[in-house]
Amino acid sequence: MGGMKLHICVTALIFPICASLASCQNMDVKIIQRQSAETTYNYVVAGYSSSTSNGSVNCNAYGNTANCSGSSTTQGYTAPAREVSFNVIGATYSLLLPDGRVVIVNCVSKFQERMAGAAGNHRSCRMPLVDEIQADFKGKKAKLSWVVSLDGKKRESETYSILAVLPKK
């Protein structure tokens, strides 16, 4: 009987940890809109479009003659500006997910002790200068990371709060 209680107790402790890890999603995203200010501003979600093309060529050579044929396909979508507005401060981004949804994230300056009083004890959020980044989504947070070295080994990162997830239009 004691072994059964231990099994139930361990299962009850491990299940929430596994569930929270399962909800974590790391993916490549594209910044399609960015805005940053140290004062309050209205962030309005802009429209966007995306397309992907694939092509193929097949050639057969006979002596001095070549016979080639090819094809290509393009798939794309366009989403108009959304009637969604956020009253924010700090850095705000619209992130395009691979499935076409858009995630709005925001980061407000962070506390950092500098013995400079209340006004001087903050640092600005780290902000990527590139558009192609990685995002690790967990709950209401998104940890953005991006390459900052030529060899691709050094990365910077910052944790942003998720304001909204907009469906693909």
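As a reminder, the structure under discussion sits directly above these lines.
Residues numbered from 1 in each chain as written. Predicted model: local features only at pLDDT ≥ 70, side-chain atom pairs only at ≥ 80, totals over all residues. Heavy atoms only, no water.

Caption draft 1: Seen up close, the overall build of the protein. The helix and strand inventory of the protein stands at two helices and ten strands. Ordering the α and β elements of the protein from the N terminus gives α-β-β-β-β-β-β-α-β-β-β-β. For the protein, the residues scored as buried account for 25% of the 169 residues in total. Of the accessible surface of the protein, which amounts to about 11400 Å², a share of 56% is contributed by carbon and sulfur atoms. (Helix = DSSP H or I, 4+ residues; strand = E, 2+ residues; numbered from the N terminus. Buried < 20%, exposed > 50% of the residue type's maximum accessible area, 1.4 Å probe, protein only. Areas by Shrake-Rupley, 256 points an atom, 1.4 Å probe, with all protein chains shown as cover.)

Caption draft 2: View of the nonpolar core. In this structure, Val29, Leu95, Val105, Phe137, Leu144 and Tyr160 are the most contacted members of the largest nonpolar core, which totals 19 residues. Residue assignment for this core shows that the elements contributing at least two residues are β1 (25–44), β4 (85–96), β5 (102–107), β8 (132–138), β9 (141–147) and β10 (155–166). Ranked by size, the runner-up nonpolar core spans ten residues in total, among them Tyr43, Val45, Val88 and Ile104. (Core = buried A, V, L, I, M, F, W, Y, C linked by side-chain atoms within 4.5 Å.)

Caption draft 3: Quick peek at the sheet that holds β10. Within the closed barrel, the six strands sit side by side as β1-β4-β5-β10-β9-β8. Their pairing is antiparallel. Recorded for the sheet is a direction-independent mean angle of 45 degrees between the axes of neighbouring strands. Sheet analysis places β9 next to β10, joined by seven bridges and oriented antiparallel. If you follow Ala142 over to β10, its bridge partner there is Tyr160. (Pairing = 2+ DSSP bridges. Axes fitted to C-alpha atoms, helices over the stretch in contact; angles between N-to-C directions.)

Caption draft 4: Region of the structure containing the pattern of salt bridges. Counted under the stated rule, the structure contains four salt bridges. For Asp131, the salt bridge goes to Arg34, with nearest N and O atoms at 2.6 Å. Of this pair, Asp131 sits in the loop between β7 (122–123) and β8 while Arg34 sits in strand β1, placing them 97 residues apart in sequence. Salt-bridge contacts for Asp99 lead to Arg101; the nearest nitrogen and oxygen are separated by 2.8 Å. (Salt bridge = Lys/Arg side-chain N within 4 Å of Asp/Glu carboxyl O.)

Caption draft 5: Quick peek at the state of the cysteines. Taken as a whole and judged by the stated rule, the model has two disulfides. A sulfur-sulfur separation of 2.1 Å characterises the disulfide bridge that pairs Cys59 with Cys68. Around the S-S axis, the bridge from Cys59 to Cys68 shows a dihedral of about 115 degrees and counts as right-handed. Given a relative accessible area of 42%, Cys59 falls into the partly exposed group. Regarding the disulfides, the protein carries the connectivity 1-2, 3-4 under sequence-order numbering of its bonded cysteines. (Disulfide = S-S within 2.5 Å.)

Caption draft 6: Local environment of the pairing of β4. With nine of its twelve residues buried, β4 lies for the most part within the structure. Counting the residues that bridge the hairpin from β4 to β5 gives five residues, and of these Gly100 lies at a positive phi of roughly 95 degrees.

Caption draft 7: Structural view of the side chain of Ser145. Here Ser145 lies in strand β9. Ignoring anything within four residues of it in the chain, the contact list for Ser145 reads Ile133, Gln134, Arg155, Glu156 and Ser157. (Contact = heavy atoms within 4.5 Å.)

Structural measurements only, silent on function.
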